[in-house]
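Each chain is listed here by its residues.
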Amino acid sequence: MSGESLIRVSGLTREYRMGAETVHALRGVDMEIRRNEYLAIMGPSGSGKSTLMNLIGCLDSPTCGEYWLNGVEVSQMQDDELARVRNREIGFVFQTFNLLPRASALHNVELPLIYAGMSGRERRQHAARALERVGLADRMAHKPNELSGGQRQRVAIARALVNDPSILLADEPTGNLDSSTSAEIMAVFEELYRQGQTVVMVTHEADIASHARRVVTLLDGVVNSDTVREAA
Amino acid sequence: MPFAEAIRLALRVIWTQKMKSSFSVIGVFIGVTFLIAVVTVVEGMNAYMTESFANKLLGVNTFQLRRYPGVQMGDISSETRRQWRRRPRITYEDARAVEAGLTVPVLVAWESSNRGTVEYDGKVARDIDLIAATEEWFAIREMDLETGRAFSAQEVRTGQPVVVLGNELAERLFDDRDPIGREVRVRRIPYRVIGVAEPQGSVFGMSLDKFAVAPALSPLKRFVNPPRVLDELKVRANSQAELEAAIAETEAIMRSRRGLRPTQESNFSIETADAVLDFWDRINQFLMMALPGLVSISLVVGGIVIMNIMLMAVAERTREIGIRKSLGARRRDIMRQFLVESATLATVGALMGIAFGLGMAALVQATTFLPARVAPWSIVVAVILGAGVGIGAGLYPASRAARLDPVEAIRQE
């Protein structure tokens, strides 16, 4: 384990009101993630791993507790500030890819740059470079439905990386892929990690989690175990 | 997201959903079509009334002294009509007194008319305007002759049976033959044709070329009026100012001849093109007042349709909104995206409406006597209205989209 602290959460709690009932999704999570870690968050469904992922990804705000990202407290931020943090610091990779179906691969990758306010030409250059990095230089003009599942997930990875985020956040990244394509995507993550990218991945599959260097398991909204593995 | 980018995105969305888009803009389309078509036709009418109708019928800087108005406008009660019919007629003596008393330089002509037949060589032209007039009539009407000549002062004084025919009448009776010098029968009275007028065109689809004009004192006088009576005295001045002076003088002369006290109303009419134009202005104003109501009804309906379509779009694209938010779109980015889309949609509808409205106006021009004049302001108003309706209708759906929770939105299937 190396690098300075990137993420620090303490006492992170998230409650949902479902009618008269209150659901305690997270009951006080304490955790620290350093720069250039490769971390998997595991746990059965209902353990709170998706909630934690949404909070780390700044898609959601905690009911109470603190969340520091890159030395800034984001748990107190308003909507538009969170949007800015998502844009600059976070790169999402989703299970269902979440590409815009009518836009080309290139345009999909351009989206974060549009919201960052980058001008058209510079944007296209950046997006093209990101696609080259994931081996899709020859698929830039293709629409998502003209690409295979693995290629779509690569487009999503390119999109996640295009803004040079502090952290790559992947939610069940291989959930919709067959085993050989899964291996391919995991190889991409491995490579990114080797290049210095911080990767946080949420999964319920043990063999996927085994690619990570550190595995945190959640149970009933609290951290159950936190294991660091030997380098493979 | 930059503005141009937002518009490009909106156009792409609109284009990929051509069918839905065209249904959703139908209200705006109809409203704008209506606006453009009506304004174009009304402006055309306007130009027509001022440029041809009033001047063709009544003449420039010209007034008519009559028993009662020849061009009757608006609602006239039967009581008023009865009063008009009790008025004394305009006599030859009245006409001569006015002519003698006017100090302003003017052209003066008598005119009386009735409808009747003109015959030549077994051919009968019915419902012809038979006019008995004095020699200055042609000058006042600015009527040039195609062939032949007009009648002279002497022919008027001596009541010669000579006649000048309207262009269409001459064509109908003579085809290609030369009418000059031939004898026609006007109300069965033999008249010699001395001239044919140039085509005068038409007013409201009625031909102005179906007339025959003869000297005021020629035998035709018996058919157009009781003895020593005329329908109207036409007076043409050189300018608007002189026209007003001539009207004042005429009024004074007539009132004194009829011994009217200052409190009594005049029992004769003085009619100018301005009076007709004033009346047209009133119709015009009424149309222009009714127009916003009619247009806004369709625009409101159009706005409601667009709002619903946009709400549907927001619902359908919840996931897209979630994706965009996860990638860093702020509320105002999403708000702007949907507002621009809705405004672009409505503006495209308005542009189609403008094109269609102009097309309709062109069609009206081609198939009727009504001219079309495109009013640039109406196009500007149409575009602004279109964009305005789009923005107004888009506000609520766009703010709903902007306030979506990214976690929920992205989970949407």
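The model shown is predicted, which means the values in this text are computed figures rather than measured ones. (Residues numbered from 1 in each chain as written. Chains lettered and ligands numbered in written order. Predicted model: local features only at pLDDT ≥ 70, side-chain atom pairs only at ≥ 80, totals over all residues. Heavy atoms only, no water.)

**Quick notes on a positive patch on the surface**
Right, on to step 1. Taken together, R121(A), R124(A), K143(A), R8(B) and R12(B) make up a surface patch of like positive charges.
Right, on to step 2. Of all the secondary-structure elements, those providing two or more residues to the positive patch are α4 (120–133) of chain A together with α1 (3–16) of chain B.
Right, on to step 3. Structurally, K143(A) can be placed in the loop between α4 and α5 (149–161). (Patch = residues over 30% accessible without salt bridge, like charges linked within 9 Å, V, L, I, M, F, W, Y side chains within 5 Å. Areas by Shrake-Rupley, 256 points an atom, 1.4 Å probe, with all protein chains shown as cover. Salt bridge = Lys/Arg side-chain N within 4 Å of Asp/Glu carboxyl O. Lys, Arg positive; Asp, Glu negative; His and termini not counted. Charge placed at Lys NZ, Arg CZ, Asp CG, Glu CD. Helix = DSSP H or I, 4+ residues; strand = E, 2+ residues; numbered from the N terminus.)

**Some points on the domain arrangement of chain B**
Residues and elements named next belong to chain B.
Right, on to step 1. In terms of domain boundaries, chain B breaks down into domain 1 (3–52 + 278–411) and domain 2 (106–237).
Right, on to step 2. Here the C-alpha centroids of domain 1 and domain 2 sit 56 Å apart.
Right, on to step 3. Taken together, the contact between domain 1 and domain 2 spans 4 residues of the former and 4 residues of the latter.
Right, on to step 4. Each partner contributes to the roughly 330 Å² buried at the junction of domain 1 and domain 2, and carbon and sulfur atoms together form 74% of this total.
Right, on to step 5. Per-residue buried area on domain 1 facing domain 2 is highest for Y48, M49 and F369; these three make up 85% of the total on that side.
Right, on to step 6. Run the count over domain 1 and domain 2 and you get 0 salt bridges.
Right, on to step 7. The interface formed by domain 1 and domain 2 holds 0 residue pairs in polar contact (both at pLDDT 80 or more) in total.
Right, on to step 8. Partitioned by chemical class, the residues of the side of domain 1 that touches domain 2 number 4 nonpolar, no polar and no charged. (Domains from an automatic or database assignment. Contact = heavy atoms within 4.5 Å. Buried area = accessible area lost by both parts, 1.4 Å probe. Polar contact = N/O pair within 3.5 Å; in protein donor to acceptor, adjacent residues only side chain to side chain. Nonpolar A, V, L, I, M, F, W, Y, C, P; charged D, E, K, R; others polar.)

**Let's talk about the environment of R86(B)**
Right, on to step 1. Tracing the sequence through the fold places R86(B) in helix α4 (residues 78–86).
Right, on to step 2. When its relative accessible area of 58% is taken as the criterion, R86(B) is described as exposed. (Buried < 20%, exposed > 50% of the residue type's maximum accessible area, 1.4 Å probe, protein only.)

**Some words on the sheet that holds strand β6 (residues 90–93) of chain A**
Hydrogen bonding along the main chain pairs the strands of a sheet, whether they run parallel or antiparallel.
Residues and elements named next belong to chain A.
Right, on to step 1. What the 6 strands build is an open sheet, ordered β6-β7-β8-β3-β9-β10; its pairing is mixed. Looking at strand neighbours, the two that pair on one side only are β6 and β10 (222–228), the edges of this open sheet. Within the sheet, the average angular offset between the axes of one strand and its neighbour, ignoring direction, is 20°.
Right, on to step 2. Across the sheet, helix α1 (residues 49–56) is in contact with β3 (38–42), β6, β7 (167–171), β8 (198–202) and β9 (214–219); its angle to β7 comes to roughly 150°.
Right, on to step 3. Sheet strands in contact with α5 are β6 and β7, and its direction is about 170° off that of β6. (Pairing = 2+ DSSP bridges. Axes fitted to C-alpha atoms, helices over the stretch in contact; angles between N-to-C directions.)

**Observations regarding the packing of aromatic side chains**
Right, on to step 1. Overall, the coordinates contain 9 aromatic pairs over all chains when judged by the stated rule.
Right, on to step 2. When the centroid spacing of 5.4 Å and the interplanar angle of 45° are considered together, the rings of Y38(A) and Y193(A) count as tilted. Here Y38(A), found in strand β3, pairs with Y193(A), found in helix α6 (residues 179–194); they are 155 residues apart in sequence, far enough to count as distant. The same class applies to Y38(A) and to Y193(A), which are both buried.
Right, on to step 3. Site record: aromatic cluster; members linked through ring pairs are W137(B), F138(B), F151(B) and F211(B).
Right, on to step 4. Directly above the ring of W15(B) sits K18(B), whose terminal nitrogen or CZ lies 4.3 Å from the centroid. (Phe/Tyr/Trp six-rings, centres within 6.5 Å; stacked < 30°, edge-to-face > 60°. Lys NZ or Arg CZ within 6 Å of the ring centre and 35° of its normal.)

**As for the pattern of salt bridges**
Residues and elements named next belong to chain B.
Right, on to step 1. Considering all chains together, one arrives at 27 salt bridges over all chains under this definition.
Right, on to step 2. The shortest N-O distance in the salt bridge between R317 and E320 comes to 3.1 Å. The same class applies to R317 as to E320, namely buried.
Right, on to step 3. Here E320 ties to R324 by a salt bridge, and the two come within 2.9 Å at their closest N and O atoms. With E320 and R324 both in helix α12 (residues 318–326) and 4 residues apart, this pair spans about one turn of that helix. Both residues of the pair, E320 and R324, count as buried.
Right, on to step 4. One network of salt bridges, with partners in common, ties together R66, E111, E232 and K234.

**Topic: the confidence of the model for chain B**
Note: predicted coordinates in regions of low pLDDT should not be interpreted at a detailed level.
Right, on to step 1. Of all residues in chain B, 97% have pLDDT values of 70 or greater, and the mean over the chain is 89.
Right, on to step 2. Here strand β9 (residues 202–203) of chain B stands out as the element of chain B with the lowest mean pLDDT, 74, in contrast to strand β6 (residues 162–165) of chain B, whose mean of 96 is the highest. (pLDDT = per-residue confidence, 0-100.)

**Brief notes about the nonpolar core**
Right, on to step 1. I7(A), L52(A), I56(A), Y67(A), L69(A) and I167(A) are the most contacted members of the largest nonpolar core, which totals 69 residues.
Right, on to step 2. In terms of residues, this core owes the most to one element, helix α13 (residues 331–367) of chain B, which gives 7 residues.
Right, on to step 3. Core analysis: the next-biggest nonpolar cluster, separate from the first, contains 40 residues, V109(A), A128(A), I157(A) and M186(A) among them. (Core = buried A, V, L, I, M, F, W, Y, C linked by side-chain atoms within 4.5 Å.)

**Thoughts on a negative patch on the surface**
Right, on to step 1. A contiguous patch of negative charge on the surface is contributed by D144(B), E146(B), E168(B), E171(B), D176(B) and E198(B).
Right, on to step 2. Among the residues examined, E171(B) registers a relative accessible area of 52% and is labelled exposed.

**A closer look at the side chain of R213(A)**
Right, on to step 1. Structurally, R213(A) is set in the loop between α7 (206–209) and β9.
Right, on to step 2. In this structure R213(A) comes out as buried when scored by relative accessible area, which is 13%.

**A few points about the interface of chain A and chain B**
Right, on to step 1. Across the boundary between the two partners, chain A contributes 22 residues, which contact 24 residues of chain B.
Right, on to step 2. For the pairing of chain A and chain B, the buried interface totals around 2100 Å² over both sides, and the portion due to carbon and sulfur atoms is 55%.
Right, on to step 3. Applying the counting criterion to the chain A and chain B interface returns 2 salt bridges.
Right, on to step 4. Here D80(A) ties to R332(B) by a salt bridge, and the two come within 3.7 Å at their closest N and O atoms.
Right, on to step 5. At the junction of chain A and chain B, the tally comes to 7 residue pairs in polar contact (both at pLDDT 80 or more).
Right, on to step 6. Of all the elements in the fold, those that place two or more residues in the side of chain A that touches chain B are α2 (79–89) and α3 (105–116) of chain A.
Right, on to step 7. Looking at side-chain class alone, the side of chain A that touches chain B contains 10 nonpolar, 5 polar and 7 charged residues.

**Brief notes about the pairing of strand β4 (residues 64–69) of chain A**
Residue and element names in this part refer to chain A.
Right, on to step 1. Note that strand β1 (residues 5–18) and β4 share 5 bridges and pair antiparallel. Looking at the pairing, T13 lines up with C64 of β4.
Right, on to step 2. Pairing of β4 with strand β5 (residues 72–73), which is carried by 2 bridges, proceeds in the antiparallel orientation. Residue pairing for β5: W68 is matched across the bridge by E73.

**Section: the packing of α13(B) against helix α14 (residues 376–402) of chain B**
Each pair of packed helices can be described by the angle between their axes along with the distance between the axes.
Residues and elements named next belong to chain B.
Right, on to step 1. Direction vectors running N to C along α13 and α14 enclose 150°, while the axes themselves pass 7 Å from each other. When the interaxial angle is binned, α13 and α14 end up roughly antiparallel. By crossing handedness, the relation of α13 to α14 is classed as right-handed.
Right, on to step 2. Looking at the contact of α13 with α14, its residues break down into 20 nonpolar, 6 polar and 1 charged. (Parallel < 35°, antiparallel > 145°, perpendicular 65-115°, else oblique. Left-handed = near helix turned anticlockwise from the far one by under 90°.)

**Digging into the sheet that holds β4(A)**
Residue and element names in this part refer to chain A.
Right, on to step 1. The 4 strands are arranged β2-β1-β4-β5 in an open sheet whose pairing can be described as antiparallel. Only two strands of the sheet have a single neighbouring strand rather than two, namely β2 (21–34) and β5.
Right, on to step 2. Relative to β2, β1 runs antiparallel, the two being bridged by 11 bridges. For L12, the partnering residue across the bridge sits in β2 and is V29.
Right, on to step 3. Set on the sheet, α1 makes contact with β1, β2 and β4; between it and β2 the angle comes to about 60°.

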